[in-house]
Amino acid sequence: MSDVEGEAEERQLGIIPSHEALQLDNVFSKIKKNIARRSNDQNEDDNESITSNVGFTNDNLLSREDFNPCNNDRVASNVATMPEYSEPVIGDLLVALKNDARGLVAGEQFRVKENNCVKEYKETFCLGKTNSSATSDLVSDVRDEDKLSVTSLQNENLVNAPSEPECIAPSRLHSSHHVKQNKRLVVGSGNSNGSKLLIETNGVLDKDTNIETDVVRLHRLYRVFITSGFFSLPEEDIVVNNYIRGNVLHKSVISVMNQSGSIQQASRIQAFMWPIVVRGQNIVAVGERGSGKTLGYTLPLVSLLLDMWPCIAREASVRVGGVAVIVCKGWRAVQCVGDTFAQLLKDHGLRVVATWGGLGEKHLSEVQKEVCRGADILVTTLPFLLRIVGASEGSSNEKIHFDLLSHCFHLVLDDADVIMDNDAHGVKLLLTEWASQRANSKNTHFSQQLIITASSWTKFMERLVQFLEPLMEPSVIISSPFEAAKASHVKSVVHCTNNILSSGRQSLGDVVDLVKEVPDKKVIIFVENCREVKQMRQLFASVAILPQTIHGRKLMWEVQEEVTSWNSTDKEKVMVVSASTVAILLEQDVRDADVLVHVHIPKVKSEFNQRFSFLMDNYVKDFKSEISNHLVSYVFVDNNDAVLPYYMEEVWMSLETSMPSEFNIHFAEKLQEEMPLCHFLKAFGSCPSVNQCEWRHKMQQQDLWNKLPDYGIVTVEIVKVLNGSRYLVRLNEYRETNTSHPIDLSQNHLTLFMDIQNYCSDPANLLPASDIKVGLMFLTLHESVWTRVRVLHIYKKSNTMQVTLFLLDEGDEITTNPSELYQTPEKLSRLPQLVVEVYLCKVRPLDHDTEWTHHANLYIEKLFSDAAENARFSGSIALSLSNTLWLSPLVEIVKVEGRNIRKESVRSQLIRLGYGCENQQHIELLKAQYNTVEKDSDAGQSSSWLSFWKQD
Ligand SMILES: Nc1ncnc2c1ncn2[C@@H]1O[C@H](COP(=O)(O)OP(=O)(O)OP(=O)(O)O)[C@@H](O)[C@H]1O
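A quick note: this is a predicted structure, and the numbers were derived from the prediction, not measured.

A. Fine view of the overall build of the protein chain. Broken down by element type, the protein chain carries 32 helices and 34 strands. Residue pairs in contact within the protein chain that sit at least 24 positions apart in sequence constitute 71% of those at least 6 positions apart. When the accessible surface of the protein chain is summed, it comes to about 41000 Å², and 49% of that surface belongs to carbon and sulfur atoms.

Here it is as structure tokens:
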């Protein structure tokens, strides 16, 4: 066999000839020098950044050493953890070289022939480091000097080892079975341009491939998606990509996904998140609620863990905390995320522990034991985690005396915007603790991955990202145009037209003046209709500007021509768009505007938010430096008494818009009059997510109709426990003060019951309901008893209408057919419902949670059901509405030897036993709201609840 043939055969086996291996070694030694140089530079940078970085905290306890994934020592020891591939630096650099040369690395074995001896190299399994921007920079440094070597590497010197690696790492993209496919997805390194996602065809990076049908320009750092999801994922938000799922995720994960059948393709945000997470890189992903963020990290993280597990099991087997620690905003989220992990890992014996606070004193030790027994994946809430690691004040009794975070290689902050809003200091404590525990652990050679998700870009999020940027270089993905605009500090300006009489025309004229003042900018103007587009065109023509115009009467090819003309230059262009054609323009992918002018403001928030997609090419590309931007959004208000859509208030607040004080701008009320008052508002004094919440957040006159008494003492009979601090009750007794004469209300239910049965016993009285609407009262027969009901919900089920009803005097909910409803006579319908809603005052669930835990609910249920027969529950009224009472305190009173003994108040028990905590502002906030309601003397005060039910 000739040398050439022999070499070819060796190449096929993945063996690199010795002369090329020599070249490689030259390259490596230069790279080593570069690393050393870089490391020194970095240390200098570090000192600077540590002292200068005051964005996130005032006293940064974190050091770059603790976090920096490019830390040289760690890179070396990463590789050292694989004993059979003990060429730390070279192995890593090989990967780096290959990364640069072919755009993809990870999980591969290589063979290099050196002096007739074949050496094997393998990509480090430890994620994040080798693919970091630092390594890429490093390689590009070298590339200039060693063009030849790298070029030759690029071609064929690095060949996949024939067998699948023992411990496939971060990316499954290169495993041999994928190579067989014609096309595969390749994720570039997280450099300053963000993650690149390209299509590779037959092993050659195909940069020119038009991949828009597969993934819509995923190489953008800020892909601004043009649809917004709310809870359920909109169909158009699913990325039609046949490769991401199969190529990025572990086969076991895919098989679980196949079994559940619901997730066949990635959502847009997942198309970014999956490849980044699976490679162990740090990421901050901000997307609309329900855009798929949670599955955006759970699926790839499990894939990654399964890939790495043989190694983790060998190197870091004794652990108490999780290898992955997931921090969620509340216990309900912990439960969901914990379930997802458990389901995905059910066949692998990895231990998932999902735990949270507010379970009560009794269960605390159980929970602690559970955590002590060790977890591979720990899912929990921030306050609970801080307590068990002893990082929060007064947590000594809950601290578990182990280094819970020392084996945590993957830390996830899910819904970080909410977590930061609740406790930004706590997040700092957690990161500090993580850094210090990891620094002191035996496993510092494993790299750290930080995954952050959020639904909104808040000030805290910005500070967090700025803080993390130099330390961990996270990829930042923002999938909502409006959140991207917030992150990019788009300036928001309100422009008011002074001339009220000729307002419409005047504002168009003002737009022209404004455009003249912003030369060299690409401006898009949104007007209402075709007529206004034409008017604007004329006005611009009069100042020698020829704008592009898009309106409903233009044919598609005309629109495309306008867009081509717009795209032909980088500066000074004006486009006037009618409201109805915005969607068409979005499809044409116009994305490089500098200024948006909203002469027309859409009624729907999502339509307004979409417009920020037109700025996306100019959005901020890195968060290292102070963000300043030339992007502006002008809103034209052409009436002194303008009423703008309700969402504009939130938009302007988020974009920190300063309003001209001389103008009277009003925001229309969110159309919620028909909705009941928000339960969160009633329970805690404020709603945690006003913007997303469908319920009403302002008290109104109808909340005061037939009102319950404002003050006094009531004795209640518990009908139903809705949660720890909210119950349905019937009032048995009322008195104004402790010493006043009691009013007996205990017979009302029986009397009403008899009246209704008597009335309905006469068939002539039973008139079928005709006009059934939500909120109306009817009579129905339930379990052989006639009862008063109110319609809560009307819906269709298998072609028949169904109604959900609330039993006004029994407190139950039932579903029935509308034909079962009968008209209520006036004498029955005028009586207010007997069942009253009661809230405890000034208490809320532990750990900033918005929901009481099941344990808290069960405790309260038991408290009421176990009460002695002669016991009664008495509460003092702090506030009331038509049908709601706030009691402070609510206490159980028992009679012992003829004397009344008051037990500890229910609120105080909830707090003492660790279910809840104080909420001092609760009633003040509600009273402030209550005082703003205009009192209507006719309907409101004159006929109080008591006036109907007081028995003489
Ligand atoms: N790729 C997908 N294909 C189909 N359905 C999906 C996909 N990804 C997520 N979903 C579904 O969409 C819903 C929302 O997903 P997920 O909880 O991951 O979103 P989220 O952005 O984390 O939501 P939130 O902001 O409320 O926490 C879930 O019901 C989930 O099962």
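B. Summary view of the sheet that holds strand E16 (residues 548–550). Strand order in the open sheet formed by 6 strands is E14-E19-E18-E15-E17-E16, with parallel pairing between adjacent strands. Two strands lie at the open edges of the sheet, namely strand E14 (491–496) and E16, each paired on one side alone. With direction set aside, neighbouring strand axes in the sheet form an average angle of 15°. When strand E15 (residues 522–527) meets strand E18 (residues 595–598), the two strands line up parallel, connected through 4 bridges. From the neighbouring strand, Ile 524 faces E18, where its bridge partner is Leu 596. Packed on one face of the sheet, helix H20 (residues 530–541) meets E15, E16 and strand E17 (573–578) and runs near 155° to E17. Sitting on the sheet, helix H21 (residues 556–567) touches E15, E16 and E17, and the angle it makes with E16 is about 145°.

C. Region of the structure containing the nonpolar core. In terms of nonpolar packing, the biggest core is built from 131 residues, with Leu 301, Ile 326, Phe 341, Ile 524, Phe 612 and Phe 614 touching the most fellow members. Examining the composition of this core, we find that 11 residues originate from one element, helix H12 (residues 293–315), more than from any other. Summarising the domain contributions, this core has at least three residues from each of domain 2 (235–479) and domain 3 (490–667). The contact partners of Ile 326, leaving out residues within four places of it in the chain, are Tyr 297, Leu 301, Val 337, Phe 341, Ile 377, Leu 378, Val 379, Thr 380 and Val 412. Val 714, Leu 890, Tyr 915 and Trp 945 belong to the second largest nonpolar core, which has 42 residues in total.

D. Fine view of the pattern of salt bridges. Following the criterion strictly, the structure yields 24 salt bridges and no others. The salt bridge partner of Glu 370 is Arg 351, with a shortest N-O separation of 3.9 Å. Linking Glu 370 in helix H14 (residues 361–372) with Arg 351 in the loop between helix H13 (331–344) and strand E9 (352–354), this pair joins segments that are 19 residues apart in sequence. Exposure remark for Glu 370: the relative accessible area of 27% places this residue in the partly exposed category. Accessibility expressed as a relative area gives 26% for Arg 351, which makes it partly exposed. Close ionic contact of Asp 771 with Lys 773 constitutes a salt bridge, the shortest N to O distance being 3.5 Å. On the basis of relative accessibility, which here comes to 45%, the residue Asp 771 falls in the partly exposed class. Residues joined by salt bridges that share partners form a network here, namely Lys 682, Arg 726 and Glu 837.

E. Broad picture of the layout of surface pockets. In this structure, the second largest pocket occupies an estimated 1700 Å³ of space. Considering the residues around the second largest pocket, the lining is formed by 44 residues, among which Pro 676, Arg 790, Leu 792, Gln 833 and Asn 883 are closest to the centre. At 4 residues, the largest contribution of residues to the lining of the second largest pocket is made by strand E26 (residues 785–797). Its residues assigned to classes, the lining of the second largest pocket shows 20 nonpolar, 12 polar and 12 charged.

F. Focus on the side chain of Glu 837. Locating Glu 837 in the fold gives a position in strand E29 (residues 835–840). A distance of 2.9 Å separates polar atoms of two side chains, one belonging to Glu 837 and the other to Tyr 839. Those residues in contact with Glu 837 that lie beyond four places of it in its chain are His 679, Lys 682, Arg 726, Tyr 727, Leu 728, Asn 883, Thr 884 and Leu 885.

G. Quick peek at the sheet that holds strand E7 (residues 283–286). Strand order in the open sheet formed by 7 strands is E9-E10-E8-E11-E12-E7-E13, and the pairing between neighbours is parallel. Bordering the open sheet on either side are E9 and strand E13 (475–478), each of which pairs with just one other strand. Neighbour-to-neighbour, the strand axes of the sheet open up by a mean angle of 10°, direction not taken into account. Across the sheet, helix H16 (residues 416–440) is in contact with strand E8 (324–328), strand E11 (410–413) and strand E12 (449–454); its angle to E12 comes to roughly 170°. Sheet strands in contact with helix H17 (residues 459–472) are E7, E12 and E13, and its direction is about 160° off that of E12.

H. Region of interest: the site of the ligand. Close contacts around the ligand come from 19 residues, with Gln 265, Gln 270, Gly 290, Lys 293 and Thr 294 the closest. At a separation of 2.8 Å, a nitrogen atom of the ligand approaches a polar side-chain atom of Gln 270. With respect to the ligand, the backbone of Ser 291 contributes an N or O atom lying 3.1 Å from an oxygen atom. Contact with the protein chains covers 75% of the free accessible surface of the ligand, which is 630 Å². Looking at the shell around the ligand, the element that brings in the most residues is H12, giving 3 residues. Looking at side-chain class alone, the shell around the ligand contains 6 nonpolar, 9 polar and 4 charged residues.

I. Layout of the pairing of strand E22 (residues 713–723). Where E22 meets strand E23 (residues 726–735), 9 bridges bridge the pair, whose relative direction is antiparallel. The residue of E23 that forms the bridge with Lys 720 is Leu 728. Counting the residues between successive antiparallel strands, the hairpin from E22 to E23 contains 2 residues. Pairing analysis gives 4 bridges linking E22 to strand E31 (residues 872–880), with the strands arranged antiparallel. Each bridged residue has a counterpart across the sheet, and for Val 714 the counterpart in E31 is Gly 875.

J. Just the packing of aromatic side chains, in detail. Per the counting criterion, the structure on display carries 11 aromatic pairs. On the basis of an interplanar angle of 80° and a centroid distance of 5.0 Å, the ring pair of Tyr 727 and Phe 864 is categorised as edge-to-face. Separated by 137 residues along the polypeptide, Tyr 727 in strand E23 and Phe 864 in helix H28 (residues 854–865) bring together distant segments of the chain. The same class applies to Tyr 727 as to Phe 864, namely buried. Ring plane angle 15° and centroid distance 5.8 Å describe the contact between Tyr 839 and Trp 886, whose orientation is recorded as stacked. Of this pair, Tyr 839 sits in strand E29 while Trp 886 sits in strand E32 (residues 884–896), and the two are 47 residues apart along the sequence. One aromatic cluster in this structure is built from Phe 482, Phe 608, Phe 612 and Tyr 647. Just above the ring of Phe 684 sits the side chain of Arg 844; from NZ or CZ to the centre is 4.7 Å.

K. Region of interest: the pairing of strand E33 (residues 899–902). The pairing of E32 with E33 spans 4 bridges and is antiparallel. Along E33, the bridge assignment pairs Val 896 with Arg 899. With antiparallel pairing between neighbouring strands as the criterion, E32 and E33 make up a hairpin whose turn holds 2 residues, including Glu 897 at a positive phi of roughly 50°.

L. Region of interest: the environment of Ser 488. As for its position among the elements, Ser 488 is in the loop between helix H18 (481–487) and E14. Among the residues examined, Ser 488 registers a relative accessible area of 1% and is labelled buried. Taking C-alpha positions, Ser 488 is 9.4 Å from Phe 623, a pair spaced 135 residues apart along the chain.

Cut-offs and rules
- Along each chain, residue indices are assigned from 1 in the same order as the chain's sequence is written.
- Per-residue local features are limited, in this predicted model, to residues with pLDDT of at least 70; the limit for side-chain atom pairs, both in listing and counting, is 80 or more; totals at the level of whole chains, interfaces and linings are taken over all residues.
- In computing side-chain properties, one takes all heavy atoms of the structure into account and sets aside hydrogens as well as water.
- What counts as a helix is a DSSP run of H or I of at least four residues, what counts as a strand is a run of E of at least two, and both are numbered from the N terminus.
- Two residues qualify as a contact provided that any one of their heavy atoms is within 4.5 Å of a heavy atom in the partner residue.
- Working definition of accessibility: Shrake-Rupley area with a 1.4 Å probe, residue cover restricted to the visible protein chains.
- Pairing between strands requires that DSSP locate at least two bridges from one strand to the other.
- Between the N-to-C directions of two axes lies an angle of 0 to 180 degrees, each axis being a line fitted to C-alpha atoms and, for a helix, fitted only over the stretch in contact.
- For the purposes of this section, nonpolar cores are sets of buried Ala, Val, Leu, Ile, Met, Phe, Trp, Tyr and Cys residues that join through side-chain atoms within 4.5 Å.
- Residue burial is assigned from relative accessible area. The probe radius is 1.4 Å, only protein chains are included, and a residue is buried under 20% of its type maximum, exposed over 50%, and partly exposed in between.
- As used throughout, domain bounds are those supplied by an automatic or database domain assignment.
- The salt bridge criterion pairs a side-chain nitrogen of Lys or Arg with a carboxyl oxygen of Asp or Glu, the two atoms within 4 Å.
- Residues are called lining when one of their atoms sits within 4 Å of a cavity or pocket point, these points coming from a 1 Å grid over the protein atoms alone, where a cavity is a set in which a 1.4 Å probe fits but cannot get out and a pocket is an open set with protein on both sides within 12 Å along at least five of seven lines.
- Grid points are joined across faces, edges and corners, and a volume is the space filled by probe spheres set on the points.
- The nonpolar class holds Ala, Val, Leu, Ile, Met, Phe, Trp, Tyr, Cys and Pro. Asp, Glu, Lys and Arg form the charged class, and all remaining residues, Gly among them, are polar.
- What qualifies as a polar contact is a pair of N or O atoms within 3.5 Å, subject to a donor-acceptor requirement within protein and to the restriction that residues adjacent in sequence count only when both atoms come from side chains.
- By convention in this text, a residue qualifies as near a molecule or strand provided that one of its non-hydrogen atoms is within 4 Å of it.
- Put simply, two rings from Phe, Tyr or Trp (the six-membered ring, in Trp's case) pair if the centres are within 6.5 Å, and we call them stacked under 30 degrees between planes, edge-to-face over 60, tilted for the rest.
- Each ring is checked for a lysine NZ or an arginine CZ that lies within 6 Å of its centre and within 35 degrees of its normal; such an atom marks a charge sitting over the ring.

The values reported here are purely geometric and, on their own, carry no functional implication.
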